[in-house]
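Next come the chains, spelled out residue by residue.
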Amino acid sequence: MNLAIWMALLVPALVLGQGKGVAPAELALPLKEGWPTYNGDYSGKRYSALRQVNASNVKNLSLAWMARLTPGVGNTQTGRRGFGGPQVRTIIGGEGSGDISAGGGTIKASVLYVDGTLYLTMPDNAWAVDARDGRELWHYFWKTKGGTHIGNRGLGMWNDYLYMETPDNYLVSLDAKTGKERWHKTIAELDQGYFSTPAPIVVGNHVIVGTGNDIDAPGFLQSFDAETGELQWKMYTVPMKKGDPGLETWASLDAARHGGGQTWIPGAYDPETKLYIIGTGNPTPAYTTGTRGEGDNLFTCALVAVNVDTGKMAWYFQTSPHDMHDYDSAQTPVLVDGMFQGKMRKLVLTAARNGYFFVLDRVTGEHLLTTKYGTYTNWAKGLNEHGGPKFDPVKNATVPGALVSPDSGGTVNWQPPAFSPDTGLFYVPEVNEFAMFYLTDVDPRGSMGLGGKEEVAVGSAGNYLCAIDYQTGKIKWKRPYYGGDGGGGGMLATAGNLLFASDGAGSLVAYDASNGKPLWNTRIGRITNAPQTFLMDGRQYVTVATGDMLWAFVMN
Amino acid sequence: MRTLGFLAAAGLALTLWDVPRACAQSRSGGFVPGQKREAEDPAQIDRGKKIYGIGCRSCHGADLRGGDMGGPNLLRSQLSLSDKNGENIIPVILNGRPGTGMPPIPMPQEDAKAVAAYVRSVLGTIGRQGMPPSIGKEAPSIVVGNAKEGQAYFGANCAGCHSATGDLKGIATRIKDAKALQNTWVAGGGRERRGAAAAASKRRIVTVSVTLPDGRKEQGRLVRIDDFLVSLEREDGSFASFRRDGDSPQVEVHDPLQPHRDMLSRYSDKDVHDVTAYLVTLK
């Protein structure tokens, strides 16, 4: 047996050993028994090789436990809910005064499953939970200085250390065994309107961190040393000085430097090319062009590939050139090795918030396919020479009102999609809301931030869970979201020919991944994160969150 | 959030078509207000505003959003946003920014400090999404369409269900604001005043008929539906629910608003504006 094979066998064994945490090499393996990073593995597929639960037996999936998590100080699960067990240890950190109450929290995080323990977050809060019974092991609470508390997408893990971002822009590292803080570092300026929601992504000794901002501020991506928390590199997503690439797509350098392109959803990583591929947010001001001009506004609303060692951009592809509707392209890209037009190719797929689906070569960024998957998407007319949609000026916000689909919430929003190599299908919500977009700030200087328009929802032409054939970009099947709502938290595909997803009406549903036939449901309330799966004690579990509740199902 | 009045009265949480949209990153609950800014001394703000008017306004604009002479928008300036006590702003006022067109503006340190306080006080009003605190110019009327063409469109597309002398008589009196009127008709109602809304909500009740394998038929108001279940309320106020398994039982949902939703993808913006121009004449 040569060393490489021996190592490949050894790594998962190490990882399963109690308390070893996540060896960086494990993150490069396809998703199977654990869930050690935001998307399960680096590829963004959210496809698990587990098949113990499958299309023929999923009807027997049943509840193992549920737990309610209470954010803040002094409200531990054991005391309130009577699950028994010792008092939970709450560790308090943070630089705020402790007098800001963020109120009830919602679990939008992806939950890490490592060594029989679940690790998850709400804004300002992190927990370790026993995966066998849902009991809290520790609770970390961060006293905030403020900032937008819209959600937190979860933790990153490197060996025994955890990493969390906070709404007031700190990267906090915790000891996974105890919940004790190791250090925290400032990652952006709260005063400038930044707030941080992403799950950090660990690659080697890099902790890759994005942020958000709705005021006119430049977006950036940063990498911190996993051990020390020192900044390794910082890459801006908009031109910041004379001579920077993309500057010609802005009216001025000042416009570019206030141009947005925030990095608020984690990307996917390709170990072979060392490229971290991430979608960037909208340009700012979002709804007027007074300052930013008529150009494409690079590198906002784009897929951007960044070398993880240098922080340098290798390629980009703009999915919403010159966006005018706050259609952030902050969706999870999905890396697939698959056939395309008769050839095996290394691909990246993305279904963007603007209603368009794209296939690119992930090594070079070469554009391969664009289709419109939002059936009623009407803001664009045709494609530009690069394959990006060409915005239709009459569908920008206007004084008398423009009737636009999708609304600014998008055909999909932050919810992670899934891809099954077995079916070749890409699973994503298709939300066909219409809204009237009124321009309310007619000042020729243009407005600011997300200001200057009024948006009024006027109804939906039908919202669906849809499955897209990546080779053609055509929808193979779709199921309605009965709640008149988007899909909630995201998707999970498994080798058991299953797709787990919300039905938009308060159920977690298992669908036949090949044809969309609904096979099993459990009515547990509005789903708020993406379903996940792992193997523990030889049994396959499925977890999902509804608000402050975490549910675990198991095949008995 | 729209709810069907009678179901709300029955104490039921209606989920169908009535759940608020799940959220953009830029919306949705669970916020704390943006970062806390210290309140400024009103006397300082007042003094700073006067000095700003003399020394800064011509370039940076009366509303701080930038002016004709090329001064940048101070309300999105990272330097201003991060200023706590003049430490960023005062040096720029007193020394200028070489190479940018910003000249030194000589003034006593205390005056520059007051200007900084004034700038911070305005920054305190932009909120977490950078909304301009004031709109410099009033937007003109939204009524730009051709009423005559709107009437013709109405006759051809809406008159099957609606009439200018029937349900829509006096609609422009009931909904005086033209934008509200436009939103209301495009959405298919829901924004009318209370009296009218009660009548309108009756018209908007979603009904369902369920045909069981044995041929029995149940009908009523739809309570909820998904791939596994359909629930209804019968005429007599009792409830029934049925397990769904594929096409069995047969379920037919009748939603009076469906024609409006079907129209959403067919209207051009000109159609919308023309019909509004016509409806505002129905006083």
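The rules behind each value
- Residues numbered from 1 in each chain as written.
- Chains lettered and ligands numbered in written order.
- Predicted model: local features only at pLDDT ≥ 70, side-chain atom pairs only at ≥ 80, totals over all residues.
- Helix = DSSP H or I, 4+ residues; strand = E, 2+ residues; numbered from the N terminus.
- Buried ≥ 20, exposed ≤ 12 C-beta atoms within 10 Å, placed from the backbone.
- Contact = placed C-beta atoms within 7 Å.
- Pairing = 2+ DSSP bridges.
- Domains from an automatic or database assignment.
- Axes fitted to C-alpha atoms, helices over the stretch in contact; angles between N-to-C directions.
- Left-handed = near helix turned anticlockwise from the far one by under 90°.
- Nonpolar A, V, L, I, M, F, W, Y, C, P; charged D, E, K, R; others polar.
- Parallel < 35°, antiparallel > 145°, perpendicular 65-115°, else oblique.

## A few points about the overall build of chain B
Item 1. Along chain B, the regular secondary structure elements total 12 helices and 5 strands.
Item 2. By the burial criterion, 31% of the 283 residues in chain B qualify as buried.
Item 3. Here the analysis covers contacts within chain B between residues at least 6 apart in sequence; of these, 56% occur between residues at least 24 apart.

## Some points on the sheet that holds strand 35 (residues 507-512) of chain A
Residues and elements named next belong to chain A.
Item 1. Read from one edge to the other, the open sheet built from 5 strands follows the order 1-33-34-35-36, with strand pairing classed as mixed. Across the chains shown, the open sheet's two edge strands, defined by having one partner strand only, are strand 1 (47-48) and strand 36 (518-523).
Item 2. Sheet topology places strand 33 (residues 491-494) next to strand 34 (residues 498-502); 4 bridges connect them, and they run antiparallel. Paired with methionine 491 across the two strands is alanine 501, which belongs to strand 34.

## Looking at the domain arrangement of chain B
Item 1. Along its sequence, chain B is organised into domain 1 (42-123), domain 2 (147-203 + 259-279) and domain 3 (207-255).
Item 2. Each of domain 1 of chain B and domain 2 of chain B has a C-alpha centre, and these two points are 49 Å apart.

## Let's talk about the packing of helix 9 (residues 178-187) of chain B against helix 12 (residues 269-279) of chain B
Residue and element names in this part refer to chain B.
Item 1. With their axes 10 Å apart at the nearest point, helix 9 and helix 12 run at an angle of 120 degrees to one another. The handedness of the crossing between helix 9 and helix 12 is right-handed. Contacts between helix 9 and helix 12 involve Ala178, Leu181, Gln182, Trp185 and Val186 from the former and Val272, Val275, Thr276 and Leu279 from the latter.
Item 2. A per-class count over the contact of helix 9 with helix 12 returns 7 nonpolar, 2 polar and no charged.

## Section: the environment of Asp124(A)
Item 1. Tracing the backbone through its elements, the reader meets Asp124(A) in the loop between strand 5 (117-122) and strand 6 (125-130).
Item 2. A C-alpha to C-alpha distance of 8.3 Å links Asp124(A) and Asn152(A), two positions 28 residues apart in sequence.

## Points about the packing of helix 2 (residues 42-55) of chain B against helix 6 (residues 109-123) of chain B
Residue and element names in this part refer to chain B.
Item 1. Running from N to C, helix 2 and helix 6 cross one another at 100 degrees; their axes reach a closest spacing of 7 Å. Considering the angle they form, helix 2 stands roughly perpendicular to helix 6. Taken together, the residues of helix 6 that come into contact with helix 2 (itself represented by Gln44, Ile45, Arg47, Gly48, Lys49, Ile51 and Tyr52) are Asp111, Ala114, Val115, Ala117, Tyr118 and Ser121.
Item 2. Each residue belonging to the contact of helix 2 with helix 6 can be placed in one class, and the counts come to 7 nonpolar, 3 polar and 3 charged.

## Points about unusual backbone geometry
Item 1. Of note, the amide linkage connecting Ser405(A) to Pro406(A) takes the cis form, showing an omega dihedral of 0 degrees.
Item 2. Locating Pro406(A) in the fold gives a position in the loop between strand 28 (402-404) and strand 29 (418-420).
Item 3. A cis geometry characterises the amide bond from Ser248(B) onward to Pro249(B), with omega recorded as -10 degrees.
Item 4. Along the chain, Pro249(B) falls in the loop between strand 4 (239-243) and strand 5 (250-254).
Item 5. Positive phi values are uncommon outside glycine, yet Asn159(A) reaches one of about 50 degrees.
Item 6. Position of Asn159(A) among the secondary structure elements: in the loop between strand 8 (156-158) and strand 9 (161-165).
Item 7. Exposure remark for Asn159(A): the 13 C-beta atoms within 10 Å place this residue in the partly exposed category.
Item 8. The backbone of His322(A) sits at a positive phi, close to 50 degrees, despite the residue not being glycine.
Item 9. With respect to the helices and strands, His322(A) occurs in the loop between strand 21 (313-318) and strand 22 (334-340).

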